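Each chain, letter by letter, is given below.
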Amino acid sequence: MASFGLKLAVFDLNSSKAIEIGSPKFSSSTAVRRGFSFRPQSNHLALLTRTAGKDMISIHAFPSRELQRSWAPDTIDAQGLLWSPDGRWLVVWESPALGHKVVFYTPDGNLFKIWSGPVNPTHEEKDFALGAGVKTVQFSPDARLLAISDHSRSLSIVNMASTMEVLRLQHPNNLVPKGTLQIWQERIGISHGPIMHTFIRASQAISPPPRPQEAAEQLSGCVTIAFDLSSNLIATRIEEFPSTVWIWDVQAAVLRAVLLFHGSVSTLSWHPHVRETLLIRCEGDHYNSVVFVWDPLSEGPQSVDFSQQLSGFKAVGKWHASWLGLDASTPLSIFYSDTQNYVLASLADSDRESLPWINPRNPQGGDGPSRAESPLELVPATEDEADEEDALQTGDDGDIVMEDTYGYKQ
């Protein structure tokens, strides 16, 4: 917040300088992340602003962040924008109160297509146009698919090669175990020692536990969408069943696993370099400093309790857990922190496996050569990174130039 209105500040950590951009649309901590997006490779900043009651999208160059182009999107009250991982598309979605609408733009701001809801709605969804619209969107890591959720229990999958909807996933009320579907139920054991979290595989039909009736606000729709590294699996969480994790196989268009917890699921995070490996965190007194790791070959989610490594056996203040971004050749590792402590945990199968953070030859793990880094100087780019940078066109002022989609017509 500035003295002359709301501004977005972009800091350059190399030069310690900041550039301010006026009138960003979102300012709250829960919504601000939806209001901007950095384009992969070229690092162009797309920003959603609003002045005089009108939405605007601006594209800012790298590294100067000078304005390159801006336009008014085909929306009345846009709720977010997002670059595709390959940088070919910029998508903007409309407010749920104004129906189903996702707008596809080329990088230089040309309108390409508008998605207006399910193509072939089921009988239960025949009146979808009367309900609330888009809730959130998420690209697959390979930029091949786009998942779109609304305020129903369905999830639309769009093929980005044709920008056509190819799949509609429906979260069922009743779950029936079968060969292709694993259903795992959590069991909590409370004794004089640490709380034990185990999982048993359901053998009979079961319904996921609904949101408590005494909840202050009755929410609906898919609130979390996460693609795994292979782009073949999607983990979802819907508001009606907050303690349930749904894992879908997009290629086979089937539900592969359902994980039923006692507490509400707060975060889902796939490993950035290992396929089909999911990190789950829940809320509640029984989940203090506890996270869960799931993969298709495991016997249900495996719990990792960090409280046993802390003084007082509980977290101090808010705590956080995330994957360490190590490559697939090193053991799975998790970083945990609260307001006073941090813990590095290795999920190695045996004590003989080396810990990547204490290997003096290669602190980053793996068998390849290490890349030294000092606190004052970032490591230089690798050859592949340098080739990508060379392929990007730069202007006279040193900024990376945004390509013109229809330049051949000029």
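Fair warning: this is a prediction, and the values are worked out from it, not measured in the lab.

Thresholds, definitions, all that
- Residues numbered from 1 in each chain as written.
- Predicted model: local features only at pLDDT ≥ 70, side-chain atom pairs only at ≥ 80, totals over all residues.
- Heavy atoms only, no water.
- Helix = DSSP H or I, 4+ residues; strand = E, 2+ residues; numbered from the N terminus.
- Buried < 20%, exposed > 50% of the residue type's maximum accessible area, 1.4 Å probe, protein only.
- Areas by Shrake-Rupley, 256 points an atom, 1.4 Å probe, with all protein chains shown as cover.
- pLDDT = per-residue confidence, 0-100.
- Contact = heavy atoms within 4.5 Å.
- Core = buried A, V, L, I, M, F, W, Y, C linked by side-chain atoms within 4.5 Å.
- Polar contact = N/O pair within 3.5 Å; in protein donor to acceptor, adjacent residues only side chain to side chain.
- Salt bridge = Lys/Arg side-chain N within 4 Å of Asp/Glu carboxyl O.
- Pairing = 2+ DSSP bridges.
- Axes fitted to C-alpha atoms, helices over the stretch in contact; angles between N-to-C directions.

## Topic: the overall build of the chain
Helix and strand content of the chain: 1 helix and 27 strands. Taking all 410 residues of the chain together, 42% fall into the buried category. A total accessible area of about 22100 Å² is found for the chain, and carbon and sulfur atoms account for 51% of it.

## Points about the confidence of the model for the chain
Parts of the prediction with low pLDDT should not have their coordinates interpreted in detail. Overall, the prediction assigns the chain a mean pLDDT of 85, with 82% of residues at 70 or greater. Taken together, the stretch residues 370–382 has pLDDT below 50 and engages in 15 contacts with residues farther than four places along the chain or on a different chain.

## Details of unusual backbone geometry
The peptide bond linking Phe62 to Pro63 adopts the cis configuration, its omega dihedral lying at 10°. For Pro63, the position within the fold is in the loop between strand S5 (54–60) and strand S6 (67–71). Its identity as a non-glycine residue notwithstanding, Ser289 has a phi of 65°, on the positive side. Checked against the element boundaries, Ser289 lands in the loop between strand S22 (278–282) and strand S23 (290–294). We classify Ser289 as buried; its relative accessible area is 0%.

## Regarding the environment of Ala345
Its place among the elements puts Ala345 in strand S27 (residues 342–346). Residue Ala345 is classed as buried on the basis of its relative accessible area, which comes to 14%. For the pair Ala345 and Leu332, spaced 13 residues apart in sequence, the C-alpha to C-alpha distance is 8.5 Å. Each residue touching Ala345, except ones within four places of it in the same chain, is listed here: Phe306, Leu332, Ser333, Ile334 and Trp357.

## Some remarks on the nonpolar core
Within the largest apolar cluster, 23 residues are counted, with the highest numbers of intra-cluster contacts made by Leu155, Ile157, Leu175, Ile183, Trp246 and Val258. Those elements giving two or more residues to this core turn out to be strand S12 (145–150), strand S13 (154–159), strand S14 (164–170), strand S17 (222–227), strand S18 (233–238), strand S19 (244–249) and strand S20 (254–260). Counting 20 residues, the second-largest nonpolar core is a separate cluster that includes Ala226, Val245, Val265 and Leu278.

## Remarks on the side chain of His60
Relative to the helices and strands, His60 is located in strand S5. Within the structure, His60 has its side chain in polar contact with the side chain of Ser58 (distance 2.8 Å). Within the local environment of His60, its side chain forms a polar contact with the backbone oxygen of Arg65, the two atoms lying 3.2 Å apart. If we ignore the near neighbours within four places in the chain, the residues touching His60 are Ile21, His44, Leu45, Leu47, Arg65, Glu66 and Leu67.

## Remarks on the pattern of salt bridges
Taken as a whole and judged by the stated rule, the model has 11 salt bridges. Among the ionic pairs, Arg144 bridges to Asp142, the shortest N-O distance being 3.1 Å. A relative accessible area of 38% places Asp142 in the partly exposed class. We note a salt bridge from Arg153 to Glu240, for which the minimum N-O separation is 3.7 Å. On the criterion of sequence distance, the pair formed by Arg153 in the loop between S12 and S13 and Glu240 in the loop between S18 and S19 is long-range, its members being 87 residues apart. Its relative accessible area of 17% is what places Glu240 among the buried residues. One network of salt bridges, with partners in common, ties together Lys25, Arg50, Asp55 and Asp77.

## Regarding the side chain of Asp55
Topologically, Asp55 is positioned in strand S5. A polar contact is formed between the side chain of Asp55 and the side chain of Thr75, at a distance of 3.3 Å.

## Observations regarding the sheet that holds strand S16 (residues 196–201)
Pairing is mixed in the open sheet, where 6 strands are placed in the order S16-S15-S20-S19-S18-S17. Each edge of the open sheet carries a strand with a single partner, namely S16 and S17. Strand-to-strand twist across the sheet, computed as the mean angle between neighbouring axes with direction ignored, equals 20°.

## Notes on the environment of His44
For His44, the position within the fold is in the loop between strand S3 (36–38) and strand S4 (45–51). For His44, a relative accessible area of 0% gives the class buried. Taking C-alpha positions, His44 is 9.5 Å from Gln68, a pair spaced 24 residues apart along the chain. In this structure the side chain of His44 is engaged in a polar contact, spanning 2.8 Å, whose partner is the side chain of Ser42. Reaching out from His44, the side chain makes a polar contact with the side chain of Gln68 at a distance of 3.2 Å.

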